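# Observations on the model geometry
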Amino acid sequence: QVLLVESGGGLVQAGGSLRLSCAASGRLGSRNVMGWYRQAPGNQREMVATITNDDRTNYSPSAKGRFSISRDNAKNTLYLQMNNLKPEDTAVYYCNLERLAWGDNYWGQGTQVTVSS
């Protein structure tokens, strides 16, 4: 019912920037929360940032001040602008959509971000 497709990952040097995108399609619901999560090898998946459909945001401590989450509801697209990247930001980044009316959530396939020192 919902398809999420991430793009924008890649290899960047420490201090550099990347912008991730997540194109959503299907029945997204009138009330939802979209977010970015990441998982590094050997680690659990962790929240990076979330945003509601009325633009309330939440950031992890490691993302606050460096990353910015936004969404374009007309295009059903989620973004994550990542600045001042660090090697510890290296991970697979996943897009997530939680549909509040149905209480379910969906994941994208992930996009690799690698930050070299």
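What you see is a predicted model; the values in this text were computed from it and never measured.

The next thing to look at is the packing of aromatic side chains. Enumeration over the complete set of coordinates arrives at 2 aromatic pairs. Each ring, one from Tyr37 and one from Trp107, has its centre 5.1 Å from the other, and the planes form 75°; the classification is edge-to-face. Taken together, the positions of Tyr37 in strand S4 (residues 32-39) and Trp107 in strand S10 (residues 104-107) put the pair 70 residues apart, joining distant regions of the chain. Where Tyr94 meets Trp107, the ring centres are 6.4 Å apart and the plane angle is 90°; that geometry is what we call edge-to-face. Residue Tyr94 is found in strand S9 (residues 91-99), and its partner Trp107 is found in strand S10; the two are separated by 13 residues along the sequence. Residue classification places Trp107 among the partly exposed positions, given a relative accessible area of 36%. An aromatic cluster is defined as three or more aromatic residues linked by ring pairs; in this entry it consists of Tyr37, Tyr94 and Trp107. Sitting above the plane of the Tyr79 ring, Arg19 keeps its charged end 4.0 Å from the centroid. In this arrangement the basic side chain of Arg45 is found over the ring face of Trp107, its NZ or CZ atom lying 4.5 Å from the centre.

About the thresholds
Residue indices follow the written sequence of each chain, beginning from 1 at its first position. With pLDDT at 70 or above as the cut-off, local features in this predicted model cover only qualifying residues; side-chain atom pairs require 80 or more to be listed or tallied, and sums for whole chains, interfaces and linings still use all residues. Side-chain calculation: all heavy atoms of the structure are included, whereas hydrogens and water are not. Working definition: rings of Phe, Tyr and Trp (its six-membered ring) pair if their centres are within 6.5 Å, and the pair is stacked with planes under 30 degrees apart, edge-to-face with planes over 60 apart, and tilted otherwise. Numbering of helices and strands starts at the N terminus; helices are DSSP runs of H or I of at least 4 residues and strands are runs of E of at least 2. The buried label applies to any residue whose accessible area, calculated with a 1.4 Å probe on protein chains only, is under 20% of its type's maximum; exposed applies above 50%, and partly exposed to all values in between. By definition, being over a ring means that NZ of Lys or CZ of Arg is both within 6 Å of the ring centre and within 35 degrees of the ring normal.

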